[in-house]
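Residues per chain are reported as follows:
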Amino acid sequence: MLCEQARSQTPICPSCIPKVDLGITRCSKCFSTTSTLNSYSVCELCNKVPTPFEKIRYLWEYDLDAVKIIRIMKYKPSASICRQVARILAESFAKEIVDDQYDFILPMPCTNSSLNKRGFNQSIILAKEISNRTKTQIKRTLLKTSSRRVAQASLAQKERIRNVRSAFYVNTDRLMNKKLLLVDDVVTTGATATSAAMCLMQAGAASVSLITLSRAQSWGGFRWSIEKKLVSVYKDRNTHRRLNESSHKI
Ligand SMILES: [Zn+2]
Ligand SMILES: [Zn+2]
């Protein structure tokens, strides 16, 4: 249980914040601690399954402690609690992010309905904090959700299906050859983040990395089905070439 202070939505007291332990040996791509690593510090799964991400970083394993905080953030949304964990996230990975020299930080856009319910986009708060801490440019509007576009319904049936499948769109060439860091609050199946990354790669990004508060352990199992499917959706040769390059470049 969380203490009274945490439940009352004032800043969460330090003892209720899950421990951050980034010192454990991890896969350099997916950040997993569970698998055996090869000589490039890449796990077995990352070796076998294509991923649109150059690397994934997360603060907490999706265990009981993390779930408590994530539930609070989900069901009793509070911008101040979000900023509090954003500072921990930014602080924990600042050095690596600076070293990686991203061109842009992109918060995961949320749908209008979840924005209306919560009143703010958690990913934007996280992304802003990382941007401030690492002096990396944040771009809030380059990656868009396609739900509104589909609702406008001026598209042919075939295009609509494609839009729903990808869920995101980019209508600018400003991401061409850019190294991107995508920020999402929590990654569960990885389907949404993967779909966003595929969209960014198709828009010409040089690479896409992902940073999130927590990533579900079960995600590894989903990778086989989801990522293979998504990668096969994009038959564009250039996208494939870049995907191959980014998955072999460690
Ligand atoms: Zn507490
Ligand atoms: Zn891995």
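Parameters at a glance
- Residues numbered from 1 in each chain as written.
- Chains lettered and ligands numbered in written order.
- Predicted model: local features only at pLDDT ≥ 70, side-chain atom pairs only at ≥ 80, totals over all residues.
- Heavy atoms only, no water.
- Helix = DSSP H or I, 4+ residues; strand = E, 2+ residues; numbered from the N terminus.
- Buried < 20%, exposed > 50% of the residue type's maximum accessible area, 1.4 Å probe, protein only.
- Contact = heavy atoms within 4.5 Å.
- Areas by Shrake-Rupley, 256 points an atom, 1.4 Å probe, with all protein chains shown as cover.
- Donors = N, O, S within 2.8 Å, 3.2 Å for Na, K, Ca; no water.
- Tetrahedral: all angles 85-135°; square planar, octahedral: opposite > 155°, others 65-115°.
- Phe/Tyr/Trp six-rings, centres within 6.5 Å; stacked < 30°, edge-to-face > 60°.
- Lys NZ or Arg CZ within 6 Å of the ring centre and 35° of its normal.
- Pairing = 2+ DSSP bridges.
- Axes fitted to C-alpha atoms, helices over the stretch in contact; angles between N-to-C directions.
- pLDDT = per-residue confidence, 0-100.
- Expected span 1.5 Å × (residues − 1).

(A) Geometry of the overall build of the protein. Assigned secondary structure in the protein consists of 11 helices and 6 strands. For the protein, the residues scored as buried account for 50% of the 250 residues in total. Within the protein, contacts between residues separated by at least 24 positions form 78% of all contacts whose residues are at least 6 apart in sequence. Accessible surface, the protein: about 12800 Å² in total, of which carbon and sulfur atoms supply 51%.

(B) Fine view of the coordination of the zinc ion (ligand 2). Binding of the zinc ion (ligand 2) to the protein goes through Cys 27 (SG), Cys 30 (SG), Cys 43 (SG) and Cys 46 (SG), at separations of 2.3 Å. Around the zinc ion (ligand 2) sit 4 donor atoms, and with donor-metal-donor angles ranging over 105 to 114° the site reads as tetrahedral. Considered as a linear motif, the donors of the zinc ion (ligand 2) on their single chain read C-x2-C-x12-C-x2-C. Linking Cys 27 in the loop between α1 (4–7) and α2 (44–48) with Cys 46 in helix α2, this pair joins segments that are 19 residues apart in sequence. Cys 46 matches Cys 27 in its accessibility class, with the two residues each being buried.

(C) Geometry of the packing of aromatic side chains. A full pass over the atoms with the stated rule returns 2 aromatic pairs. Judged by centre distance (5.4 Å) and plane angle (90°), the rings of Phe 31 and Tyr 58 are edge-to-face. Of this pair, Phe 31 sits in the loop between α1 and α2 while Tyr 58 sits in strand β1 (residues 53–61); the two residues are 27 residues apart in sequence, bridging distant segments of the chain. Considered together, Phe 31 and Tyr 58 belong to a single accessibility category, that of buried residues. By way of ring pairs, the aromatic residues Phe 31, Tyr 58 and Phe 93 are connected into one cluster. When the ring centre of Phe 31 is taken as reference, the NZ or CZ atom of Arg 26 above it lies at 4.3 Å. The side chain of Lys 179 reaches across the aromatic face of Tyr 102, ending 5.5 Å from its centre.

(D) Geometry of the sheet that holds strand β6 (residues 207–215). Read across the sheet, 4 strands follow the order β1-β6-β5-β2 without closing on themselves; strand pairing throughout is parallel. What marks the edges here is a single partner per strand, and that holds for β1 and β2 (104–107). Going from strand to strand, the sheet's axes swing by 20° on average, the running direction of each strand aside. Relative to β6, β1 is paired through 6 bridges, and the arrangement is parallel. Residue pairing in the sheet places Phe 53 in a bridge with Val 208 of β6.

(E) Broad picture of the confidence of the model for the protein. In this model, the protein carries a mean pLDDT of 81, and residues with pLDDT of at least 70 account for 77%. Least confident of the elements in the protein is helix α7 (residues 147–152), whose mean pLDDT is 48; most confident is β2, at 98. Scored below 50 in pLDDT, residues 149–153 shows 7 contacts in the model against residues more than four places distant or in partner chains. What the predictor reports for the complex is a pTM of 0.83 with an ipTM of 0.90.

(F) Just helix α9 (residues 191–202), in detail. Here α9 spans 16 Å end to end across 12 residues, near enough to the 16 Å set by a 1.5 Å rise per residue. Within α9, 9 of the 12 residues are buried, which leaves it mostly tucked inside the rest of the structure. Listed in full, the buried residues belonging to α9 are Ala 193, Thr 194, Ser 195, Ala 196, Ala 197, Met 198, Cys 199, Leu 200 and Met 201. Of the residues flanking the end of α9, it is Gly 204, one or two places downstream, whose phi is positive at about 105°.

(G) Summary view of the pairing of β6. Of all 9 residues in β6, 9 are buried, a share of seventy percent or more. As paired strands, strand β5 (residues 179–187) and β6 are joined by 8 bridges and run parallel to one another. Directly across from Val 183, in β6, lies its bridge partner Ile 211.

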